[in-house]
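Chain and residue survey
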2 protein chains.
Amino acid sequence: MSNVTIKDIARMAGVSHTTVSRALNDSPLINPETKEKIKSIAGSLNYTPNYSAKSLVLDRSYNLGLFFTTLRQGTSPGFLYEAIKGVNEIIKDRYNLIVRGIDDYKSYHHVNRKSFDGIMLMSQSAADQPFIEYASDHGIPFIVLNREVEMSGVVNLIPDDQSGAYRMTEYMLRCGHRRIAIVEGKAGFKSAQARKEGYREALLAYGIPLQDELCIRGDYGLESGYKAMVRLLALPERPTAVFCSSDDMALGAVKAAVERGLRVPDDVSVAGFDDTGYSAFTTPALTTVRRPIEEMSRAGAERLMALLETKESAERKTLFHTELIVRDSVKRLNTE
Amino acid sequence: MSNVTIKDIARMAGVSHTTVSRALNDSPLINPETKEKIKSIAGSLNYTPNYSAKSLVLDRSYNLGLFFTTLRQGTSPGFLYEAIKGVNEIIKDRYNLIVRGIDDYKSYHHVNRKSFDGIMLMSQSAADQPFIEYASDHGIPFIVLNREVEMSGVVNLIPDDQSGAYRMTEYMLRCGHRRIAIVEGKAGFKSAQARKEGYREALLAYGIPLQDELCIRGDYGLESGYKAMVRLLALPERPTAVFCSSDDMALGAVKAAVERGLRVPDDVSVAGFDDTGYSAFTTPALTTVRRPIEEMSRAGAERLMALLETKESAERKTLFHTELIVRDSVKRLNTE
DNA sequence: AATCCGATTGTTAACGTGTGCATGGCTATG
DNA sequence: CATAGCCATGCACACGTTAACAATCGGATT
C-alpha cells in the first residue's frame, strides 16, 4: 500500500520532512549526498506523492479537460477517437485527461479553476458559447479547437473547412458537374456553415446560381444523409453530384442511391468531408476532404501545456490545412 | 473568481467554519434554520468546494479511470465512443472520468489509490495482466470489462463473443455455406480467441473439419481485412463465405472482393462482428453480430459506483448477450 | 578576535475541509 | 430546585505537502 509519506522517509533518513520535500523536488538547496540518500529511500519504499495534498498547496489539480459540445449526437466516433489520441500523445504522465460532453453537466458547478488546470474545448456549435464565457469568467486557462470563436485573447485552432469545401466543389465543377447538391451539417454548427460557404463561393466563381432545392439540411449522421439523398433523387431534375458535409452522411447517401438501383459514381457522384478511417474502404472509396483532427489536437495540447507552464501564449488563431482526397466516388464527366 | 471558502461563509453567517461545513453537507446536527441561512449565503456567493482539500481529508480523489489496453491500434473508434458514452451517462457530476490507454503510461507510478477512486479497465488483451495485478496489489477498486479474467474476486463484465460467433457461423451453415473462412482478430486478444472458438464449435456441430488455409490472422483493422481477403481469393478453391472477426475487417474484405470484380454477396458472402454504427450503411449492409458495448459500459459504471459507495459488490461475472443481425451481405444458397 | 557569509537544515505555518470531543443552553423529570 | 439529557455549536486538530523564515556551522573577511 502506498501510505508512505514524506514524514516516514524523513524519519528513516534522520532529517526533517522539509528536507525530504526539497530533495524529491530537486531543490538546489540540498546537499547532493543527502539528496541521493533520500531519493534512494523513497525509491525503496515505493513512495508516491499524494497528489491531493500537492494540489491543495500548489493550487494545481493536474487535471486537464477535453470537452465536446456533446457526446450524444453530432459527434462522430472517429472525431472523438482522433481527438483523444492526439491529446494523450502530448500530455505528460502526471496529468489526467478528463473527457466529457458539456451537455453531460447538469451545471458547470464542478468546472472551476481548482478542479481543472486547463481545458481544451472541441467546440462544435455556437451552443457552447455560454460555456466559453463561463470558463473565461472563472479564469480557467482554456483554448478552443475546431470552431472559430469571436472572443479576443482566446487561443483558437481551427481547420480550414471553408477552403476545403471550396476545393471539393471546385473539383466537382472541373469534373464537369454543373448540378451539384449539398447536404448540410447540423443546424447551428459553425462547421456546417463554413462548408456551405465554401460550396457557395465555388459555385459563384463558376457563375452558377445557388439553388435552394439542392441544399438539404442534415445533422452529420448516417441516417440524415440517407434521407437527404432520398429527397434529392425525387427531384424532377436530379443532381449529378452530391457534396455531403460529412463522410457519415455520404455513406448514408450512397446507401440511398444504391437501394434505388443507381450506381455510384456512374449514375450519381457523391463526396464526403472528414476523411474518417473508413472512407478509403467503402464501396466506392469516398472522395472527401481530410480534416487534420489529430494534428490539431496534438497542437492544442502543446499550446495548452505551454500556456500552463509559462504564462505566455503565442498567436491566437491558427488555421489547419484541409486537403482534398480524390478517390472513386466522383465521376469525371468531361475529358478536360 | 471562486476563492470563496467555508471560512468566508462562516464569517458572514456569524458561525464557525465547522458549522458551515456541516450545513453544506446536510448534517442532521445543524438547526434547519441555520442550515438554510448558510446555504443561501453559499449560493449567493457562488461557493464551490475546493475538491483538492476535500480529497485530502476524505481520502477520495473523485477521479474514475476508464482505461483501454491501447488507444493506438486495435481499438476501434466506435468501441471507444460507445464505452465513453455509456460511462458518462452514469457517473455523477462530481466525478471526473479519465480516459487513457495503459500503454500511454511510462510507468504506473501515477496510478494509485489516492489518484483514482476506482478504475474500469476495458481489457482487450492478456497484455494488461500486469496492470490488473498492479491495481489489485495497490488496493484500487477496479472492474474489468470486455475480457474474461481468471482472477477471483474481480467484477468482470464480458460480452458473450463465443456464442455470437457460433450463431453467426451456424447461420452461414444454414444458408447452405460449407466452405467458410474466418478472418481472425488481433493475436493475443482474448476476443479474437473466443470468436474463433465459436466458429470452430459451429463447424464441428455440422461435422465440418477446420481447415487451416481458411483461417487467416488479422488485427481487427480495415487494412488487415483487405489483405486477408486477397489471400483467400487467391486460394485454388475459394470460400463461399467469409466470417470476419470485426466489422472493420469485413469492410476491408468487401473492398478487396469488389476490386477484383466480385460481387458481395452474390459471388462471395462476408459477415462482420461488432455492429458498429456503420454496418447498416455499407454496401451491401453488413450481416454481423451486435456487441452491447454501451450497455456493458453503463452497467460497469453502475457496478463501480456501487462498489465505491457501499463496499459490497454483487456477482462477479456477468455475460452480456450478443445478437445476430441479419442484413444483406450473406447469401442464402439453399431454399431450406 | 569579532563579524559576516554561504551552504545546509529545521521550525512553523499555511492550503481548505472534515470530525472527535468539549461546551453551553434549554427542557423534562424527579 | 437539582440534575440528567438533548440539541446546536465551537474548538482544536488532522490530512500531506510546500515555503517563508529562522537557525546552525564552518570558514573567510576585516
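- In the annotation of an unreviewed UniProt entry, chain A is listed under the name Substrate-binding domain-containing protein and assigned to Paenibacillus validus.

**Details of the overall build of chain A**
- A count of helical and extended segments in chain A gives 11 helices and 12 strands.
- Compactness check: chain A gives a C-alpha radius of gyration of 26 Å against a globular reference of 20 Å for 336 residues, more than 25% above the reference.
- Overall size of chain A, expressed as C-alpha extent along the three principal axes, is 90 × 40 × 35 Å.
- Looking at the 336 residues of chain A, the share that counts as buried comes to 59%.

**Observations concerning the protein's contact with DNA strand D**
- In the region of DNA strand D, 28 residues are neighbours, and A:Ile6, A:Ser21, A:Tyr47, B:Thr19 and B:Thr34 sit closest.
- Across the atoms of DNA strand D situated within 4 Å of the protein, the share located in sugar and phosphate is 63%.
- Within the side chain of B:Thr18, a nitrogen or oxygen atom sits 3.0 Å from a base nitrogen of DNA strand D.
- Sorting the residues of the surface near DNA strand D by element identifies helix 1 (6–13), helix 2 (17–24) and helix 4 (51–58) of chain A together with helix 2 (17–24) and helix 4 (51–58) of chain B as the ones contributing at least two each.

**Things to note about the relation of the copies chain B and chain A**
- Least-squares fitting of chain B to chain A yields an RMSD of 0.1 Å, with the transformation described by 0.1 Å of translation along the axis and a rotation of 180 degrees. Within this description, the copies of the chain are treated as partners about a two-fold rotation axis. Residues of chain B ranked by C-alpha distance from the rotation axis are headed by B:Ile98, positioned 2.3 Å from it.
- Most of the interface of chain B is mirrored in chain A: 100% of its interface residues are interface residues there too.

**Digging into the protein's contact with DNA strand C**
- Surveying the vicinity of DNA strand C reveals 28 residues, the closest of which are A:Ser16, A:Thr19, B:Ile6, B:Ser21 and B:Tyr47.
- Atoms of DNA strand C within 4 Å of the protein: sugar and phosphate make up 55%, bases the balance.
- Here a phosphate oxygen of DNA strand C and a backbone polar atom of A:Asn31 are 3.1 Å apart.
- For DNA strand C, a phosphate oxygen lies 2.5 Å from a polar atom in the side chain of B:Ser21.
- Those elements that provide at least two residues to the surface near DNA strand C are helix 2 and helix 4 of chain A together with helix 1 (6–13), helix 2 and helix 4 of chain B.

**As for helix 1 of chain A**
Residues and elements named next belong to chain A.
- Taken together, the buried positions of helix 1 are Ile9, Ala10 and Ala13. The arc that holds the buried residues of helix 1, viewed along the axis, is 105 degrees, so those residues lie on one side. In helix 1, those exposed residues whose orientation departs by more than 90 degrees from the buried face are Lys7, Arg11 and Met12.
- Looking at the buried side of helix 1, the elements it contacts are helix 2 and helix 3 (32–45).
- Trailing helix 1 by a residue or two, Gly14 shows a phi angle of about 70 degrees, which is positive.

**Overview of the sheet that holds strand 6 (residues 180–184) of chain B**
All names here are of chain B.
- Read from one edge to the other, the open sheet built from 4 strands follows the order 7-6-8-9, with strand pairing classed as parallel. Of all the strands in the sheet, the pair left with one neighbour each is strand 7 (215–217) and strand 9 (269–271). When the angles between neighbouring strand axes are averaged without regard to direction, this sheet yields 20 degrees.
- The pairing of strand 6 with strand 8 (residues 241–244) spans 4 bridges and is parallel. Across the sheet, the residue bridging to Val183 is Cys244, located in strand 8.
- Together, strand 6, strand 7 and strand 8 form the strand contacts of helix 8 (residues 190–205), whose direction differs from that of strand 6 by roughly 170 degrees.

**Thoughts on the interface of chain B and chain A**
- At the interface, 62 residues of chain B touch 62 residues of chain A.
- The three residues of chain B that bury the most area against chain A are B:Asp93, B:Tyr278 and B:Phe281, which together make up 15% of that side's buried surface.
- Linking chain B with chain A are 0 salt bridges.
- Linking chain B with chain A are 22 residue pairs in polar contact (both at pLDDT 80 or more), by the criterion used here.
- For the side of chain B that touches chain A, the secondary-structure elements that each account for two or more residues are helix 4, helix 5 (77–90), strand 2 (96–101), helix 9 (222–233) and helix 10 (247–259) of chain B.

**Let's talk about the environment of A:Asp137**
Residue and element names in this part refer to chain A.
- Examined against the element boundaries, Asp137 turns out to sit in helix 6 (residues 129–137).
- The exposure class assigned to Asp137 is exposed, which follows from its relative accessible area of 51%.
- Taking the C-alpha atoms as reference, Asp137 lies 45 Å from Ile180; in sequence the two are 43 residues apart.

**Here we look at the pairing of strand 8 (residues 241–244) of chain A**
Residue and element names in this part refer to chain A.
- Both faces of strand 8 are covered, namely the face carrying Ala241 and Phe243 and the face carrying Val242 and Cys244.
- Here 3 bridges tie strand 8 to strand 9 (residues 269–271), and the two strands are oriented parallel to one another. When the bridges of strand 9 are listed, Ala241 appears paired with Ser269.
- What joins strand 8 to strand 9 is helix 10 (residues 247–259), and the crossover it makes is right-handed.

**As for the nonpolar core**
- Counting 98 residues, the largest nonpolar core has A:Met229, A:Leu232, A:Phe243, B:Met229 and B:Leu232 as its most contacted members.
- Beyond its immediate stretch of four places on either side in the chain, B:Met229 contacts B:Val242, B:Ala253, B:Ala256, B:Ala257, B:Val268 and B:Val270.
- Counting 62 residues, the second largest nonpolar core, distinct from the first, contains A:Phe79, A:Val99, A:Phe320 and B:Leu157.

**Brief notes about the packing of aromatic side chains**
- The full count for this structure, using the stated rule, is 21 aromatic pairs over all chains.
- When the centroid spacing of 5.2 Å and the interplanar angle of 65 degrees are considered together, the rings of A:Tyr108 and A:Tyr134 count as edge-to-face. A residue pair is termed long-range when its members are at least 10 positions apart, and A:Tyr108 in the loop between strand 2 (96–101) and strand 3 (118–122) and A:Tyr134 in helix 6 qualify at 26 residues.
- Look at A:Tyr134 and you get buried, because its relative accessible area is 18%.
- On the numbers, 6.1 Å between centres and 80 degrees between planes, the contact of B:Phe68 with B:Phe79 is edge-to-face. With a gap of 11 residues between them, B:Phe68 in strand 1 (residues 63–68) and B:Phe79 in helix 5 connect regions that are remote in the sequence. Both residues of the pair, B:Phe68 and B:Phe79, count as buried.
- By way of ring pairs, the aromatic residues A:Phe67, A:Tyr105, A:Tyr108, A:Phe116, A:Phe131 and A:Tyr134 are connected into one cluster.
- The ring of A:Tyr105 carries A:Arg100 above its face, with NZ or CZ at 4.9 Å from the centroid.

Calculation rules
- Residues numbered from 1 in each chain as written.
- Chains lettered and ligands numbered in written order.
- Predicted model: local features only at pLDDT ≥ 70, side-chain atom pairs only at ≥ 80, totals over all residues.
- Heavy atoms only, no water.
- Helix = DSSP H or I, 4+ residues; strand = E, 2+ residues; numbered from the N terminus.
- Rg over C-alpha atoms; globule rule 2.2 N^0.38 Å.
- Buried < 20%, exposed > 50% of the residue type's maximum accessible area, 1.4 Å probe, protein only.
- Near = heavy atom within 4 Å.
- Polar contact = N/O pair within 3.5 Å; in protein donor to acceptor, adjacent residues only side chain to side chain.
- Least-squares fit on C-alpha atoms with pLDDT ≥ 70 in both.
- Contact = heavy atoms within 4.5 Å.
- Arc of directions from axis to C-beta.
- Pairing = 2+ DSSP bridges.
- Axes fitted to C-alpha atoms, helices over the stretch in contact; angles between N-to-C directions.
- Buried area = accessible area lost by both parts, 1.4 Å probe.
- Salt bridge = Lys/Arg side-chain N within 4 Å of Asp/Glu carboxyl O.
- Right-handed = clockwise from strand over helix to strand, strands pointing away.
- Core = buried A, V, L, I, M, F, W, Y, C linked by side-chain atoms within 4.5 Å.
- Phe/Tyr/Trp six-rings, centres within 6.5 Å; stacked < 30°, edge-to-face > 60°.
- Lys NZ or Arg CZ within 6 Å of the ring centre and 35° of its normal.

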